Amino acid sequence: MYRCIKTIRVAVSLICLILLTDTLVGLLPDWAGMWIEEIQFMYLLCGASIGWLALWFIVTLIFGRIYCSSVCPVGTLQDILARMSRRRGKPYRFRPPMNRLRYGILIGFIACMAAGLTAVAAILGPDSAYINISEQVIAPAVIWIKETIGHPMARIVAASSLGLCIALATLALLAAMSWRGGRRYCNTVCPVGAALGAVSRQSVMHIDINTDLCTQCRRCVDACKAECINLDDHTADMSRCVVCFNCVEACRDNAISYTSRRHRLSTPLMQPNKRRTPKIAQPTMLKMEKNSKK
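On a predicted model such as this, the values are computed, not experimentally measured, just so you know.

As for the side chain of T60
Looking at the secondary structure, you find T60 in helix 4 (residues 50-63). Judged by its relative accessible area of 1%, T60 is buried. A distance of 2.8 Å separates a polar atom in the side chain of T60 from the backbone oxygen of W56. Once you skip the residues sitting within four places of it in the chain, T60 turns out to touch R65, L196, V199, S200 and S203.

Focus: the pattern of salt bridges
Close approach of charged atoms lets side chains of opposite charge pair. Going through the model one piece at a time under the given rule, you end up with 8 salt bridges. One salt bridge connects D79 with R183, and the closest N-O pair in it is separated by 2.9 Å. Separated by 104 residues along the polypeptide, D79 in helix 6 (residues 73-85) and R183 in the loop between helix 10 (161-181) and helix 11 (184-188) bring together distant segments of the chain. Accessibility classification places D79 together with R183 in one group, the buried group. Taken together, the shared-partner salt bridges connect R3, K6 and E249 into one network.

Remarks on the confidence of the model for the chain
For the chain, per-residue confidence averages 81 on the pLDDT scale, and 81% of positions sit at 70 or higher. Of the regions scoring below 50 in pLDDT, residues 153-158 engages in 10 contacts with residues more than four places distant in sequence or in other chains. Per-residue pLDDT stays below 50 along residues 269-286; that stretch engages in 2 contacts with residues further than four places along the chain or on separate chains.

As for the pairing of strand 1 (residues 206-209)
Here strand 1 shows a buried face lined by H206 and D208 and a second buried face lined by I207 and I209. In the sheet, strand 1 pairs with strand 4 (residues 256-259) via 4 bridges, with the strands oriented antiparallel. Within strand 4, the residue paired with D208 across the bridge is S257.

Notes on the packing of helix 7 (residues 99-114) against helix 12 (residues 191-200)
Their axes nearest at 8 Å, the elements helix 7 and helix 12 cross at an angle of 110 degrees. Between helix 7 and helix 12, the angle falls in the class roughly perpendicular. On helix 12, the residues that touch R102, Y103, I105, L106 and F109 of helix 7 are P191, G193, A194, A195, G197 and A198. When the residues that make up the contact of helix 7 with helix 12 are grouped by side-chain class, the tally is 8 nonpolar, 2 polar and 1 charged.

Quick look at the packing of aromatic side chains
Counted according to the given criterion, the structure contains 4 aromatic pairs. One aromatic cluster is present, built from ring pairs that chain together F41, W56, F57 and Y67.

So, the environment of D79
Exposure remark for D79: the relative accessible area of 16% places this residue in the buried category. Not counting chain neighbours up to four residues away, the residues in contact with D79 comprise R9, R183 and K225.

Remarks on the packing of helix 1 (residues 2-25) against helix 6
Two elements in contact, helix 1 and helix 6, have axes whose closest approach is 9 Å; the angle formed by their N-to-C orientations is 110 degrees. Taken together, helix 1 and helix 6 sit at an angle that is classed as roughly perpendicular. As helix 1 packs across helix 6, the resulting crossing turns out to be left-handed. Within the contact between the two elements, helix 1 uses R9, S13, L14, L17 and L20 and helix 6 uses P73, T76, D79 and I80.

Calculation notes
Residue positions are counted from 1 within each chain, in the order its sequence is given. Reporting in this predicted model follows two pLDDT cut-offs: at least 70 for local features of residues, and 80 or more for side-chain atom pairs to be given and counted; totals over whole chains, interfaces and linings ignore these cut-offs and use all residues. Hydrogen atoms and water are omitted, and side-chain values are computed over all heavy atoms in the structure. Secondary structure elements are defined from DSSP: runs of H or I of at least 4 residues count as helices, runs of E of at least 2 residues count as strands, and each element is numbered from the N terminus. Buried means the residue's accessible area, taken with a 1.4 Å probe over protein chains only, is under 20% of the maximum for its type, while exposed means over 50%, and partly exposed covers the values in between. Polar contacts here mean pairs of N or O atoms no more than 3.5 Å apart (in protein, one a potential hydrogen donor and the other a potential acceptor; neighbouring residues in sequence count only if both atoms are side-chain atoms). By definition, residues are in contact when any of their heavy atoms lie within 4.5 Å. The salt bridge definition used is simple: a Lys or Arg side-chain nitrogen within 4 Å of an Asp or Glu carboxyl oxygen. For every residue, the predictor assigns a confidence score, pLDDT, that lies between 0 and 100. Only strands joined by at least two bridges in the DSSP assignment are considered to pair. Axis definition: a line fitted to C-alpha atoms, limited for helices to the stretch in contact. Angles are taken between N-to-C directions and run from 0 to 180 degrees. Each angle gets one of four labels, with under 35 degrees taken as roughly parallel, over 145 as roughly antiparallel, 65 to 115 as roughly perpendicular, and the rest as oblique. Under the scheme applied here, ten amino acids are nonpolar (Ala, Val, Leu, Ile, Met, Phe, Trp, Tyr, Cys and Pro), four are charged (Asp, Glu, Lys and Arg), and all others, including Gly, are polar. Note on ring pairs: Phe, Tyr and Trp rings are taken, using the six-membered ring of Trp, and paired if centres are within 6.5 Å. Classes follow the plane angle, with under 30 degrees stacked, over 60 edge-to-face and the rest tilted. Each helix crossing is assigned a hand: it is left-handed if the near helix lies turned anticlockwise from the far helix by less than a right angle, otherwise right-handed if that turn is clockwise.

Right, dumping it as structure tokens:
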């Protein structure tokens, strides 16, 4: 079942990325992928679409960060880059959350939006960052290819120097962080990921690890691109989990599930004895020494 759900998630994320990219670079009509852009966070924030924003937070509170795993174009781009790097077989590892950095960037993002510095905030926004990459890097490349093959409808559009530099820097940052740590950009730099993570921490549906079935094989940790599964206490940090279902698919013991319930041990752990521990009797030789002194 989970493999089917993961396949659907991957298909949806790729369709959203392809439609949005094709629309931005001019291969498809605007209406084909415009609806994807209209449900992105930066678009909703700039348009003050309170209803859609509230809907995304409600969805996150119920299902977790499915926005990051299926709709966000930067999330899908990271998965593609991470997949290229993982061909070498390098596994992921659990990393403690960098909450000071991620929430500090979120506070700075909110401050920029409140001050009207939307251009600065757009650099941090994942969807606006991808739109900038598409328009400044991908679109000119596609147009150049069209011109090269003699496409009659092609026209050269020069990218601005500042926009091109920002797009290339963002793309390099995404590539470096994805190559080394999967979704590390989502969980350290992205302000949308931090905002949704604060909500998904208490999501109804969550990744649950059955400690009665877990054999500590660590396949789930090796497959977790969010690097949020800690087998020391058998928990998944749902504030960083992007609900990709990699861990569920990797587990061969059926010990991991995506559920609303919390697993309880079938055999409770031994509780410490609350009675006072009796004092240890003094050695016999000490008693003899005291008697000799008397």
